[in-house]
Amino acid sequence: QVHLVESGGGSVQAGGSLRLSCVVSGNTLSSYYMGWFRQAPGKEREGVAAIDSNGSTKYIDSVKGRFTISQDNAKLTLYLQMNGLKPEDTAMYYCAADYGLRAFDSLARYVYRYWGQGTQVTVSS
């Protein structure tokens, strides 16, 4: 099993920054691919950023140049650095993970079996 716990959400003004963290536990001997997703009320959950065991990253177009996904293997923690936040970034943010080296479509929900509980990000204008 894999357990994920997100933190770091909050309320900021447009143009501000937040750093989300996701602590991974349950099986520290396995390789993982991981991602960040977000969901606003009444909208579909969408993939925001992903990273695989090779360190390759992928981002949704709307966050390219503003968000950076990274991981600390020693701490088993996934991060999402969010700069230049916009009101349209407001959503519940979730981290996700699964076993393996990579996923073909790493921004798709079906790729991941394990999910965190979410952390709220609110950006005001």
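Residues numbered from 1 in each chain as written. Predicted model: local features only at pLDDT ≥ 70, side-chain atom pairs only at ≥ 80, totals over all residues. Heavy atoms only, no water.

A. Structural detail: the sheet that holds strand 3 (residues 18-25). Sheet architecture is open: four strands sit in the order 1-3-8-7, paired in antiparallel fashion. The sheet is open, and its two edges are formed by strand 1 (3-7) and strand 7 (67-72), each paired on a single side. For this sheet, the mean inter-axis angle between neighbouring strands, taken without regard to orientation, is 15°. Pairing between strand 3 and strand 8 (residues 77-82): six bridges, direction antiparallel. Each residue of the ladder has a partner; that of Cys22, found in strand 8, is Leu78. (Pairing = 2+ DSSP bridges. Helix = DSSP H or I, 4+ residues; strand = E, 2+ residues; numbered from the N terminus. Axes fitted to C-alpha atoms, helices over the stretch in contact; angles between N-to-C directions.)

B. Up close: the environment of Ala40. Residue position: Ala40 is located in the loop between strand 4 (32-39) and strand 5 (46-51). Taking the relative accessible area as the measure of exposure, Ala40 reaches 19% and is therefore buried. On a C-alpha basis, the gap between Ala40 and Ser125 in space is 17 Å, while along the polypeptide they are 85 residues apart. Setting aside chain neighbours within four positions, we find Ala40 in contact with Thr90 and Ala91. (Buried < 20%, exposed > 50% of the residue type's maximum accessible area, 1.4 Å probe, protein only. Contact = heavy atoms within 4.5 Å.)

C. Region of the structure containing the pattern of salt bridges. Scanning the entire structure with this criterion turns up seven salt bridges. The residue Lys58 makes a salt bridge to Asp105 at a minimum N-O spacing of 3.9 Å. Of this pair, Lys58 sits in strand 6 (residues 57-59) while Asp105 sits in the loop between strand 9 (91-99) and strand 10 (114-115), and the two are 47 residues apart along the sequence. On the accessibility criterion, Asp105 (29% relative accessible area) is partly exposed. A salt bridge links Lys64 to Asp61; the nearest nitrogen and oxygen atoms lie 3.0 Å apart. (Salt bridge = Lys/Arg side-chain N within 4 Å of Asp/Glu carboxyl O.)

Read these as spatial facts, not as claims about activity.
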